[in-house]
Amino acid sequence: MKHRSGLRLPLGQGVGLITKVRGLSRRVRSACQRIAVMNTPAFGRLYTLDGAAMACDREEFVIHECLVHMAALMHPSPARALVLGGGDGASARELLKHPGMRQVVVAELDPAVVRAVCRHIPALPHGSFDDPRVDLRIGDAALTLGSAHQAGERFDLILFDLTEPDDPACAHLHGEEFLKLCAASLAPHGIIQVQLGSPAFQSGKVRTLHARLAGLFPGLQLALLHAPLYGGPWLIASIGGGDDPAEASLMARLAERQIRDLRYYNPAVHAASRALPTYIHDLLA
């Protein structure tokens, strides 16, 4: 949405983030949605879907490193992962840093997102779609996972790299039936990561989705991140995997897997992210 002093990116009902735009913008109307790529002084190059900010090359590492590595390092030896959404390739990029990863399935609805990001923000996928371990499957993620489950495919990690849960394109991917299918599609020790959203600006959505997840999965764990593009505080829910490994064990796994180039995630951040402010406890109670 245009604003007289810049571009307004919605954060929640009645609130938004305004950023200036510089240089050329690329706009595509696909069969599914409106895709825009633009240059900004604050966030670098970013892309939006139907006007909502998805990721930018300056600070996307916050979400994608935590979404991937919190789960992948909790798992003793992740080899197969499913990314729901993830058409920008950033989650696949992070998953490929784990040397034991044999297959990353990216279930993306809109091939135009993949094309636009690979062409205009190549730092996000960083060549991940050219890696033979990455299997891009275009179509509705529920149908993709349903077919995979029927074929006997099971995953060590399932990551929700999706737009908001009330978006018409993916609302069904946060419903009880699909969440149960995700759980049934896990291999032993498997972990699901779900983005709940902003407790500050999307409190109703966060509360509703958390209640649904907590009702289905008693061992639910939460992590609080700070994502500037999304307005600050951002919650992720972890399902499965048991208790977090000790900080020393996470450090050992990072060293063993030779993962050194992370900019946000580290084992101390992993542990600290589990501590939630009182207002979030009250929100989710």
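Relevant structure appears above.
Quick caveat: nothing in here was measured; it's all calculated off a predicted structure.

Draft legend 1. Representation of the overall build of the protein chain. A count of helices and strands for the protein chain gives nine helices and 14 strands. Computed over the C-alpha atoms, the radius of gyration of the protein chain is 18 Å, within 12% of the 19 Å expected from 2.2 N^0.38 for a compact globule of 285 residues. Accessible area for the protein chain stands at about 12,500 Å²; split by element, carbon and sulfur atoms hold 53% of it. Taking the average location of the 29 positive side-chain charges in the protein chain and that of its 27 negative ones, the two points are 7 Å from each other.

Draft legend 2. Layout of the pairing of strand S8 (residues 80-85). Of all six residues that make up S8, six are buried, and the element is covered over most of its length. Sheet analysis places S8 next to strand S9 (residues 103-108), joined by five bridges and oriented parallel. Paired with arginine 80 across the two strands is glutamine 103, which belongs to S9. The parallel pair S8 and S9, bridged by helix H2 (residues 90-95), forms a crossover whose chirality is right-handed. In terms of strand pairing, S8 meets strand S11 (residues 155-161) through five bridges, oriented parallel. Looking across to S11, one finds that leucine 82 is bridged to isoleucine 158.

Draft legend 3. Representation of the sheet that holds strand S10 (residues 134-138) within the structure. Taken in spatial order, the seven strands make up an open sheet running S10-S9-S8-S11-S12-S14-S13, and their pairing is mixed. Only two strands of the sheet have a single neighbouring strand rather than two, namely S10 and strand S13 (221-227). Adjacent strand axes in the sheet meet at a mean angle of 20° when their direction is disregarded.

Draft legend 4. How the structure looks around the nonpolar core. Formed by 43 residues in total, the largest nonpolar core has its most connected members in Leu95, Val104, Leu157 and Leu229. Looking at this core element by element, the count peaks at nine residues for helix H1 (residues 61-74). Not counting chain neighbours up to four residues away, the residues in contact with leucine 157 comprise Ala71, Ala72, His75, Pro78, Arg80, Ala81, Leu82, Leu95, Met101 and Ile191. By size, the runner-up hydrophobic cluster in this structure holds 35 residues, among which are Cys170, Phe178, Leu220 and Ile280.

Draft legend 5. Structural context of the environment of glycine 100. With respect to the element layout, glycine 100 can be found in the loop between H2 and S9. In this structure glycine 100 comes out as partly exposed when scored by relative accessible area, which is 42%. Between the C-alpha atom of glycine 100 and that of leucine 250, which follows or precedes it by 150 residues, the distance is 16 Å. Excluding residues within four positions of it along the chain, glycine 100 makes contact with Pro78 and Ala79.

Draft legend 6. Molecular detail of the packing of helix H4 (residues 141-150) against helix H5 (residues 176-184). Their axes nearest at 10 Å, the elements H4 and H5 cross at an angle of 35°. The two elements H4 and H5 meet at a crossing, and its hand is left-handed. Only Phe178, Leu181, Cys182 and Ala184 of H5 make contact with H4, whose side of the interface consists of Ala141, Ala142, Leu145, Gly146 and His149.

Draft legend 7. The arrangement of helix H6 (residues 203-216) in detail. Taking 1.5 Å of rise per residue, 14 residues should cover 20 Å, and H6 covers 20 Å from first to last C-alpha, within 8% of that figure. Looking at H6, one finds that the buried residues are Val206, Leu209, His210 and Leu213. For H6, the buried positions fall inside an angular range of 105° around the axis, keeping them on one side. Against H5, strand S12 (186-197), S13, strand S14 (232-239) and helix H9 (278-284) lie the buried residues of H6.

Draft legend 8. Region of the structure containing empty space enclosed by the protein. For the structure shown, the criterion picks out one cavity of 30 Å³ or more. Considered as a void within the structure, the largest cavity measures approximately 40 Å³ in volume. Lining the largest cavity, in full, are Met54, Ala55, Glu59, Glu60, Ile63, His64, Leu229 and Tyr230. Sorting the residues of the lining of the largest cavity by element identifies strand S7 (52-56) and H1 as the ones contributing at least two each. For the lining of the largest cavity, the class distribution of residues is five nonpolar, one polar and two charged.

About the criteria used
Residues numbered from 1 in each chain as written. Predicted model: local features only at pLDDT ≥ 70, side-chain atom pairs only at ≥ 80, totals over all residues. Heavy atoms only, no water. Helix = DSSP H or I, 4+ residues; strand = E, 2+ residues; numbered from the N terminus. Rg over C-alpha atoms; globule rule 2.2 N^0.38 Å. Areas by Shrake-Rupley, 256 points an atom, 1.4 Å probe, with all protein chains shown as cover. Lys, Arg positive; Asp, Glu negative; His and termini not counted. Charge placed at Lys NZ, Arg CZ, Asp CG, Glu CD. Buried < 20%, exposed > 50% of the residue type's maximum accessible area, 1.4 Å probe, protein only. Pairing = 2+ DSSP bridges. Right-handed = clockwise from strand over helix to strand, strands pointing away. Axes fitted to C-alpha atoms, helices over the stretch in contact; angles between N-to-C directions. Core = buried A, V, L, I, M, F, W, Y, C linked by side-chain atoms within 4.5 Å. Contact = heavy atoms within 4.5 Å. Left-handed = near helix turned anticlockwise from the far one by under 90°. Expected span 1.5 Å × (residues − 1). Arc of directions from axis to C-beta. 1 Å grid on protein atoms, 1.4 Å probe; cavity = no way out; pocket = protein on both sides within 12 Å on 5 of 7 lines; lining within 4 Å. Points joined across faces, edges and corners; volume = space filled by probe spheres on them. Nonpolar A, V, L, I, M, F, W, Y, C, P; charged D, E, K, R; others polar.

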